[in-house]
Amino acid sequence: MAGNAVGLGNFLRFPAQAAQNGGGAFLIPYLISFLLMGIPLLWVEWAIGRHGGQYGHHSTPGMFDRLGPQRWLKYIGVFGLFTNFTIAAYYTYIESWTLAYVWHSLVGTFSTSDPQTFFPAYLGIHENSLFALPMEALFWFLLTLALNVWILSHGLAKGIEIAAKIGLPLLLIFGAVLAVRGLLLSPGDPGVVQDPMEGLNFVWEPQLAGLTNPTTWLAAAGQVFFTLSVGMGTVHCYAAYVRRNQDIALNASAAGWMNEFVEVILGSSLLIPIATAYLGLQAVQAATAGGSGFSMAFLTLPTLFNNWGAFAPIAGAMWFGLLFFAGITSSLAMGQPIVAFFEDEFGQSRTRASAVFFLSTLILGFVCVWLYPGGSFDEFDYWTGTFALVCFALAEVVLFAYIFGIDRGWEEITRGADMRVPHAFRFVIKYVTPAFILVVFVGSLIKPAGDWSAALLSLTSGAGWPLAPDSVIGKIWHVGVSDYRWFDSDGRGTTHLVQDITRLFLTVLFILCAWLVAAAWRRKAKETRS
Amino acid sequence: MTASAWIMLGATWTVIVVFVGRFFWKVLTTPVGADRIEQTQDGILEKDA
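What you see is a predicted model, and the numbers here were worked out from it, not measured in a lab. (Residues numbered from 1 in each chain as written. Chains lettered and ligands numbered in written order. Predicted model: local features only at pLDDT ≥ 70, side-chain atom pairs only at ≥ 80, totals over all residues. Heavy atoms only, no water.)

**Looking at the overall build of chain A**
Put simply, the rule is: Under the DSSP-based scheme used, a helix requires at least four consecutive residues in state H or I and a strand at least two consecutive residues in state E, with every element numbered from the N terminus. Our radius of gyration is a C-alpha quantity, and the globule rule it is checked against amounts to 2.2 Å times the number of residues to the power 0.38. Each residue is assigned to one of three classes by its accessible area relative to the maximum for its type, calculated with a 1.4 Å probe on protein chains only: buried under 20%, partly exposed between the two thresholds, exposed over 50%. Should any heavy atoms of two residues lie within 4.5 Å, those residues are counted as being in contact. His is not counted, nor are the chain ends, whereas Lys and Arg count as positive and Asp and Glu as negative. A single reference atom marks each charge: NZ on Lys, CZ on Arg, CG on Asp, CD on Glu.
What chain A contains, in helices and strands, is 23 helices and zero strands. A compact globule built from 530 residues should have a C-alpha radius of gyration of about 24 Å, and chain A, at 23 Å, falls within 12% of that. Overall, chain A is about 70 × 65 × 55 Å in size when its C-alpha atoms are taken along their principal axes. In chain A, buried positions account for 62% of the 530 residues. Considering only contacts within chain A whose residues lie at least 6 apart along the sequence, 80% involve residues at least 24 apart. Counting 27 positive and 32 negative side-chain charges, chain A places the averaged centre of each group 15 Å from the other.

Put into structure tokens, the structure is as follows:
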């Protein structure tokens, strides 16, 4: 389970999110979110998963259907399909970058090419173009996807689990070596423009301003969910294979804290200090502004390895290879609930269910590849890798505490537990976690431009609510964009066109997932009648 | 690094290391008993909702 939780989110997404949201200003909401949302939600998801698994369900629609007699409950589980379909698509694309970088490290590409020009060219980014058709990136993407599907269709999860037991410690050791080497860089070294300790200071300098910014809270909560794989449906799927009286509380806690160890201790000490050393802190913040920031590692780390002389190709290949390994354990975990849904609810064979996963990831991934320069990839990450996770988490904790019932829920969490679960968490799960997520959710929906008291004054004086551009509604309505057009004066599409098309596409996909659930239940009802 | 940044780093890292150590020690030292494996014959319950 720790192998699934530790992934690209720890090393690539967390540092970027921290840089984007003010470093220390991000870290306090992040740590609070982990304690009040992350850990309780892990227990809730393990409990829902184990409970659903006893009825033969390994994906969230069926599990939620079993939480109570209401027929609509299964539709909340649609989130668990939607997020896996969509996150798997762009996650597999990032995973393919790591595989490509293993190859390029081995053949010495970075000794002759600057990563900062190589990476945009690899992604097919050209000035003034919204589209990209990078043949090499597509090749590595297809290879990575094929490998994922091959493992899924052959049910080799156990083999991967064994390999993860070797790969994960190796990743941690190598990550620690890199972090120490990165922090020891000094402005006199080749290519170094700033002291890396300034990057570390940026991450750890407490900034209380972040506590009053709902967007920072949403980003922090989203990162906690993304990194722990909560609000996705993957934890539920794992838990569905746990027997009725087997421990879930200790396993969930160990996996959660292990993930934090990797993310907070290694993740914060690695990428931002190294990127600060080679690019400068301002450039790091600019590189991550407004996007997912996954690319930062690919722009900077090969430069670090280049300074390691003859060891550079091996170091690069080893690092990106281990990252690929961390990534594939997570992407397989995303594929498993989809395969399980088609097996359990449509009676499909594992091979056919895997083929559905292949096709859907291919189509969705192609959208990310093709429209990457227009910002489609970042739209996927925001709406599915942050927003949808928070929506699902809010819904599931409310259903668990109030429909399934906190008494049954608590009994489910603590049954067979190999640790004493603090009783205070019963109160936390029933009141604190739902209230906390609700406040973050509503706050980020309607975050005002300026402070809240001024916004209230504006509302009561009849001038309306001044939405911030980075609020969820502000993003949907493109608030603050002075020149909102789908086509420029030359008739070429703009990034707003790509953003709106991507959002529409994701909405249609969500409806399609809901339709699949409805069709599966209609099919089962028909079978029962006959 | 400022003093406040060092304090925050030190406090956070200590808490995380303590909890990771504690939970992993517990995982490693807790035996998985065969008596835990029970349930219905195929492990799947009948529909009750």
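Text resumes after the structure shown.
**Here's the deal with the side chain of S268 of chain A**
All names here are of chain A. For clarity, the threshold we go by: Here a polar contact is taken to be a pair of N or O atoms separated by no more than 3.5 Å, where protein atoms must pair a possible hydrogen donor with a possible acceptor and residues adjacent in sequence count only if both atoms sit in side chains.
Along the chain, S268 turns up in helix α14 (residues 249-279). Residue classification places S268 among the buried residues on the basis of a relative accessible area of 1%. A polar contact of 3.5 Å, which involves the side chain of S268, links it to the side chain of W204. Within the local environment of S268, its side chain forms a polar contact with the backbone oxygen of V264, the two atoms lying 2.3 Å apart. If sequence neighbours within four positions are ignored, S268 has contacts with F14, L200, V203, W204, E263 and P273.

**A few points about the interface of chain B and chain A**
Interfaces are often sized by the accessible area lost when the parts come together. To be explicit about the condition: Values labelled buried area give the accessible surface lost by two parts on being combined, using a 1.4 Å probe and summing over both. The rule for a salt bridge is simple: a side-chain nitrogen of Lys or Arg has to be within 4 Å of a carboxyl oxygen of Asp or Glu. Side-chain classes follow a simple rule in which Ala, Val, Leu, Ile, Met, Phe, Trp, Tyr, Cys and Pro form the nonpolar group, Asp, Glu, Lys and Arg form the charged group, and the remainder, Gly included, forms the polar group.
On the side of chain A, 33 residues touch chain B, which itself brings 31 residues to the contact. Interface of chain B and chain A: buried area, both sides summed, is about 3,100 Å²; carbon and sulfur atoms make up 71% of it. Linking chain B with chain A are zero salt bridges. Across the contact surface, chain B and chain A share three residue pairs in polar contact (both at pLDDT 80 or more). For the side of chain B that touches chain A, the class distribution of residues is 19 nonpolar, six polar and six charged.

**Structural notes on unusual backbone geometry**
Residue and element names in this part refer to chain A. In this structure, S229 is a non-glycine residue whose phi angle is positive, near 60°. Tracing the backbone through its elements, the reader meets S229 in the loop between α12 (214-228) and α13 (234-239). Positive phi, normally seen in glycine, also occurs at H478, with a value near 55°. Looking at the secondary structure, you find H478 in the loop between α22 (472-476) and α23 (495-529).

**Topic: helix α20 (residues 424-446) of chain A**
Since the α-helix turns once every 3.6 residues, residues separated by three or four places project in the same direction. Residues and elements named next belong to chain A. Put simply, the rule is: Expected span of a helix: the number of residues minus one, times 1.5 Å. The angle separating two fitted axes, one through the seven residues that finish at a residue and one through the seven that start at it, defines the bend at that residue.
A rise of 1.5 Å per residue sets the reference length of α20, with its 23 residues, at 33 Å; its end C-alpha atoms lie 31 Å apart and thus fit the reference within 8%. Of all the bends in α20, the greatest, near 35°, is centred on V432, and the proline P434 appears no more than four residues after it. By the burial criterion, the buried members of α20 are F425, V428, I429, T433, P434, F436, I437, V440, F441, G443 and S444. On its buried face, α20 is in contact with α3 (24-53), α12, α19 (376-414), α21 (452-460) and α22.

**Considering the environment of F11 of chain A**
Residue and element names in this part refer to chain A. When you line up the elements, F11 lands in helix α2 (residues 8-20). Each C-alpha atom of the pair F11 and L362 lies 25 Å from the other, and the pair is 351 residues apart in sequence. Setting aside residues no more than four positions away along its own chain, F11 makes contact with V6, L171, V262, L266, L270, L271, W319 and L323.

**Describing the environment of F14 of chain A**
Residue and element names in this part refer to chain A. With respect to the helices and strands, the residue F14 is situated in helix α2. A residue is classified by how much of its surface remains accessible, and F14, at 0% relative accessible area, is buried. Between the C-alpha atoms of F14 and V224, which are 210 residues apart in sequence, the distance is 9.0 Å. Residues contacting F14, with those up to four places away along its chain left out, are G9, F26, L27, Y30, Q223, E263, V264, G267 and S268.

**What about the packing of helix α18 (residues 350-370) of chain A against α19 of chain A?**
All names here are of chain A. Rule in force here: Where helices are involved, their axes are fitted lines through C-alpha atoms of the stretch in contact, as for all axes, and angles between N-to-C directions lie from 0 to 180°. Each angle gets one of four labels, with under 35 degrees taken as roughly parallel, over 145 as roughly antiparallel, 65 to 115 as roughly perpendicular, and the rest as oblique.
The interhelical angle for the contact between α18 and α19, taken along N-to-C directions, is 125°, at an axis separation of 6 Å. With respect to their mutual orientation, α18 and α19 come out oblique. Judged by residue contacts, L364, V367 and C368 of α18 engage S376, F377 and F380 from α19. Residue composition of the contact of α18 with α19, by class: five nonpolar, one polar and no charged.

**So, the pattern of salt bridges**
All names here are of chain A. Under the definition given, this model contains 13 salt bridges over all chains. Where D470 meets K447, a salt bridge forms, and the shortest distance between an N and an O atom there is 3.0 Å. Of this pair, D470 sits in the loop between α21 and α22 while K447 sits in the loop between α20 and α21; the two residues are 23 residues apart in sequence, bridging distant segments of the chain. Assessed through its relative accessible area of 29%, D470 is described here as partly exposed.

**Observations concerning the packing of aromatic side chains**
Residue and element names in this part refer to chain A. As a reminder of what qualifies: Here a Phe, Tyr or Trp ring, Trp counted by its six-membered ring, pairs with any other such ring whose centre lies within 6.5 Å, and the pair is stacked when the planes are under 30 degrees apart, edge-to-face when over 60, and tilted otherwise. Ring-over charges, as used throughout, are those where CZ of Arg or NZ of Lys falls within 6 Å of the ring centre and within 35 degrees of the ring normal.
Overall, the coordinates contain 47 aromatic pairs over all chains when judged by the stated rule. Plain terms: the ring middles of F298 and F320 are 5.7 Å apart, the flat faces sit at 20° to each other, and that makes the pair stacked. Pair noted here: F298 is in helix α16 (residues 296-306) and F320 is in helix α17 (residues 312-346), with a separation of 22 residues, a long-range link. Residue class for F298 comes out buried when judged on its relative accessible area of 0%. According to the relative accessible area criterion, F320 is buried, its value standing at 0%. R13 extends its terminal NZ or CZ atom over the ring of F226, reaching a point 4.4 Å from the ring centre. Positioned above the aromatic ring of Y382 is the side chain of K475, whose terminal nitrogen or guanidinium carbon lies 4.3 Å from the ring centre.

**Concerning the nonpolar core**
Basically, it comes down to this: The criterion is simple. A nonpolar core is a set of buried Ala, Val, Leu, Ile, Met, Phe, Trp, Tyr and Cys residues joined through side-chain atoms within 4.5 Å.
Membership of the largest hydrophobic core comes to 185 residues, with the highest contact counts inside it found for W97, F225, L301 and W319 of chain A. Those residues in contact with W319 of chain A that lie beyond four places of it in its chain are F11, L171, F174, G175, L178, L270, L301 and F305 of chain A.

**Let's talk about the state of the cysteines**
Residue and element names in this part refer to chain A. Worth spelling out the cut-off: Throughout, disulfides are identified as pairs of cysteine sulfur atoms within 2.5 Å of each other.
For the structure shown, the criterion picks out zero disulfides over all chains. Free cysteine: C391, not disulfide-bonded; nearest cysteine sulfur from C513 at 14 Å. You can call C513 buried: its relative accessible area is 2%.

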